[in-house]
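Remarks on the overall topology
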Amino acid sequence: MTPEQRVVLTIAVLASFVSFLDGTVVNVALPAIARELGGGLSTQQWVVDAYLVTLGAFILVAGSLSDVLGRVVVLRIGLLGFGVASVAIAAAPSAEFLIAARALQGVAGALLVPSSLALITSTFRGPPQARAIGIWTGATTVAMLAGPLIGGIFVDTLSWRLVFLVNVLPIGVTLWLLARLGHRDHRRPGARVDVLGAVLCAAGLGGVVFALIEQPNLGWASPVIWAPGLIGAASFAGFLVRQRLARQPMMPLDLFRSRNFWAGNLATVFVYAALSLNGFVLSVYLQQGAGLPATLAGLASLPSTILMIALSSRMGALSGRLGPRLFMTLGPLVMAIGALLLLNVRSDFDYWAQVLPGVVVFGLGVTATVSPLTAAVLGAIDSERSGIASAVNNAVSRVAGLLAIAAVSAVVGGSLDLDGFHRAAIFVAVLMVLGAATSFFGIRNHLSRAD
């Protein structure tokens, strides 16, 4: 690996780390936020999903912006915007202000991930690319898994508000590295941003998510619920039509002609929906149901983090040699077993006997799955289109998590008690099995990009 490649990889990891960390660091802070600013499960869902709605909607725009403005420029804008939004969240005087600031933070976060991955795929080639993607995936997944631990420490020892300021240091370091890089930026002549497509996508996701989160309070019969739901569904259908007809779509549908691309993204839907649902439910239940302090609730995921740090690079390299199908099939099945082991949780709570075995097994499955999944999806598309390919895959993963968390009330039966926790564990296992089946029947090793 050349010195320039090391710097590019470091920038990509740090920039994406910020976005992924903030997606999960908030989970363990949700009970504290609700106690101080008010609101129950619905408010907790919105604190998470306000970020994911805009992240999922605008991550596709970010892919187009990278082509128009250049990847480095978009990264800088995203980093600065993310930092400003983080400060606003830390100073939030009300739940409504915090939710609005989280939505703005999601827009900034959407600018970070596609440009980061595009830098990697344009700098590395062949087996080193698979290894670099493995390192990137491991670091960003560690951010997702370590988020609850970091958040718990801040909540218990200082304040939940400082949870959102942990981004300042990595943002500063990344901006400094970008200034030193001297990397020649890449712009695509004639590229445009599909503004109408972005509006339709945001309206579609927002309407559906609003209906899912608020329906337990008002019921499906209320026009306040079904009207936004229908408008959202119609808007998202309009977005898909727009992508088919637009001269420069945000999500080119011809990408899905590649077998590994469509199969990999379908597997992403199931796997990342399960990951997001599991992380949300485990963090909240361990505090509100089992009575653990925030730090211990965050520590619950530490074994998974250690496994990711130790094995992600190795898994990325192995999938580069053996192909992704085996890993993408067995990994979700292992995670399904880990989720089902959480059915051992009882009212007489014991972390070591009831939670730790499931967390360890789940972590092994995550480690085996994520790097090969990312490599399979991006490897199915020509490197010239890596920016939009990574944007689509990341949008799919965020939207999957967004919808899963929006549906928490329906999954757990309206209350995150012990029975609700068990229902969520079973649902996570079912999603993982669907992800494994999709990979087994859909993914092919060593396909040409035309297949």
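Keep in mind the model is a prediction, meaning the values are calculated, not measured. (Residues numbered from 1 in each chain as written. Predicted model: local features only at pLDDT ≥ 70, side-chain atom pairs only at ≥ 80, totals over all residues. Heavy atoms only, no water.)

Section: the overall build of the chain
- Of regular secondary structure, the chain possesses 18 helices and zero strands.
- What you see for the chain is a C-alpha radius of gyration of 20 Å, in line with the 22 Å of a compact globule of 451 residues.
- Along the longest, intermediate and shortest principal axes, the C-alpha atoms of the chain span 60 × 45 × 40 Å.
- Sorting the 451 residues of the chain into buried and exposed places 59% on the buried side. (Helix = DSSP H or I, 4+ residues; strand = E, 2+ residues; numbered from the N terminus. Rg over C-alpha atoms; globule rule 2.2 N^0.38 Å. Buried < 20%, exposed > 50% of the residue type's maximum accessible area, 1.4 Å probe, protein only.)

Examining the environment of proline 216
- Mapped onto the elements, proline 216 comes out in helix 9 (residues 195-218).
- According to the relative accessible area criterion, proline 216 is partly exposed, its value standing at 40%.
- Residues proline 216 and glycine 414, 198 residues apart in the sequence, show an inter-C-alpha distance of 6.8 Å.

Quick look at the domain arrangement of the chain
- According to the domain assignment, the chain consists of domain 1 (1-190), domain 2 (195-247) and domain 3 (254-450).
- A straight line from the C-alpha centre of domain 2 to that of domain 3 covers 26 Å.
- In this assembly, seven residues from domain 2 lie in contact with six residues from domain 3.
- Sorting the residues of domain 2 by area buried against domain 3 places Leu205, Val209 and Leu212 first, and these three jointly supply 66% of that buried surface. (Domains from an automatic or database assignment. Contact = heavy atoms within 4.5 Å. Buried area = accessible area lost by both parts, 1.4 Å probe.)

Description of the nonpolar core
- Grouped together as the largest cluster of nonpolar side chains are 134 residues, with contacts concentrated most on Ile33, Ile120, Trp160 and Phe280.
- Setting aside chain neighbours within four positions, we find isoleucine 33 in contact with Val26, Gly38, Val47, Leu98, Trp160 and Phe164. (Core = buried A, V, L, I, M, F, W, Y, C linked by side-chain atoms within 4.5 Å.)

Let's talk about the packing of helix 11 (residues 259-288) against helix 14 (residues 325-341)
- One can describe the packing of helix 11 onto helix 14 by two numbers: an axis separation of 12 Å at closest approach and a directional angle of 20 degrees. Relative to helix 14, helix 11 is oriented roughly parallel. Relative to helix 14, the crossing made by helix 11 is left-handed. Residues Gly264, Ala267, Val271 and Leu275 of helix 11 pack against Met328, Pro332 and Met335 of helix 14.
- Tallied by class, the residues present in the contact of helix 11 with helix 14 amount to six nonpolar, one polar and no charged. (Axes fitted to C-alpha atoms, helices over the stretch in contact; angles between N-to-C directions. Parallel < 35°, antiparallel > 145°, perpendicular 65-115°, else oblique. Left-handed = near helix turned anticlockwise from the far one by under 90°. Nonpolar A, V, L, I, M, F, W, Y, C, P; charged D, E, K, R; others polar.)

Focus on the packing of helix 4 (residues 71-90) against helix 5 (residues 95-110)
- Two elements in contact, helix 4 and helix 5, have axes whose closest approach is 8 Å; the angle formed by their N-to-C orientations is 165 degrees. Between helix 4 and helix 5, the interaxial angle falls into the category roughly antiparallel. Crossing hand, helix 4 versus helix 5: left-handed. Mapping the contact onto sequence places Gly78, Gly81, Phe82, Ala85, Ser86, Ala88 and Ile89 in helix 4 and Phe97, Leu98, Ala101, Arg102, Leu104, Gln105, Ala108 and Gly109 in helix 5.
- Among the residues making up the contact of helix 4 with helix 5, the classes are represented as nine nonpolar, five polar and one charged.

Regarding the pattern of salt bridges
- Under the defined criterion, the tally for this structure stands at one salt bridge.
- The partner of glutamate 36 in a salt bridge is arginine 161, with the nearest N and O atoms 2.8 Å apart. Of this pair, glutamate 36 sits in helix 2 (residues 30-37) while arginine 161 sits in the loop between helix 7 (127-157) and helix 8 (168-181); the two residues are 125 residues apart in sequence, bridging distant segments of the chain.
- Using a relative accessible area of 19% as the deciding quantity, one classes arginine 161 as buried. (Salt bridge = Lys/Arg side-chain N within 4 Å of Asp/Glu carboxyl O.)

Let's talk about the packing of aromatic side chains
- Per the counting criterion, the structure on display carries eight aromatic pairs.
- Here tryptophan 160 and phenylalanine 164 contribute two aromatic rings whose centre-to-centre distance is 6.3 Å and whose plane-to-plane angle is 85 degrees, an arrangement assigned as edge-to-face. Pair check on accessibility: tryptophan 160 and phenylalanine 164 agree, each one buried.
- With a centroid separation of 5.3 Å and an interplanar angle of 80 degrees, the aromatic rings of tyrosine 351 and tryptophan 352 are classed as edge-to-face.
- Note on tryptophan 352: relative accessible area 65%, which makes it exposed. (Phe/Tyr/Trp six-rings, centres within 6.5 Å; stacked < 30°, edge-to-face > 60°.)

A closer look at a nonpolar patch on the surface
- On the surface, a nonpolar cluster with roughly 400 Å² of combined accessible area is contributed by Val87, Leu158, Leu162, Leu165 and Val168.
- Relative to the helices and strands, leucine 165 is located in the loop between helix 7 and helix 8.
- Look at leucine 165 and you get partly exposed, because its relative accessible area is 30%. (Patch = residues over 30% accessible without salt bridge, like charges linked within 9 Å, V, L, I, M, F, W, Y side chains within 5 Å. Areas by Shrake-Rupley, 256 points an atom, 1.4 Å probe, with all protein chains shown as cover.)

Structural notes on the side chain of serine 371
- Inspection of the secondary structure assignment puts serine 371 in helix 15 (residues 351-379).
- When its relative accessible area of 2% is taken as the criterion, serine 371 is described as buried.
- Excluding anything up to four places from it in sequence, serine 371 contacts Gly134, Thr137, Gly138, Ser312 and Gly316.

Regarding helix 2
- Burial runs high along helix 2: six of the eight residues are buried.
- Taken as a whole, helix 2 has its buried residues at Leu30, Pro31, Ala32, Ile33, Ala34 and Leu37.
- One or two positions beyond helix 2, positive phi appears at glycine 38, with a value near 90 degrees.

Section: the environment of serine 235
- In this fold, serine 235 is placed in helix 10 (residues 223-245).
- Among the residues examined, serine 235 registers a relative accessible area of 12% and is labelled buried.
- Excluding its chain neighbours within four sequence positions, the residues that come into contact with serine 235 are Leu200, Ala203 and Gly204.

Some details on helix 6 (residues 113-123)
- Across the 11 residues of helix 6, 10 count as buried, placing the element largely inside the fold.
- Within helix 6, the full set of buried residues consists of Val113, Pro114, Ser115, Ser116, Leu117, Ala118, Leu119, Ile120, Thr121 and Thr123.

Quick word on the environment of isoleucine 59
- You can see isoleucine 59 is positioned in helix 3 (residues 41-69).
- By relative accessible area, isoleucine 59 is classed as buried at 0%.
- The residues touching isoleucine 59, leaving out its near neighbours within four places in the chain, are Thr54, Ala110, Val113, Pro114, Ala391, Asn394 and Ala395.

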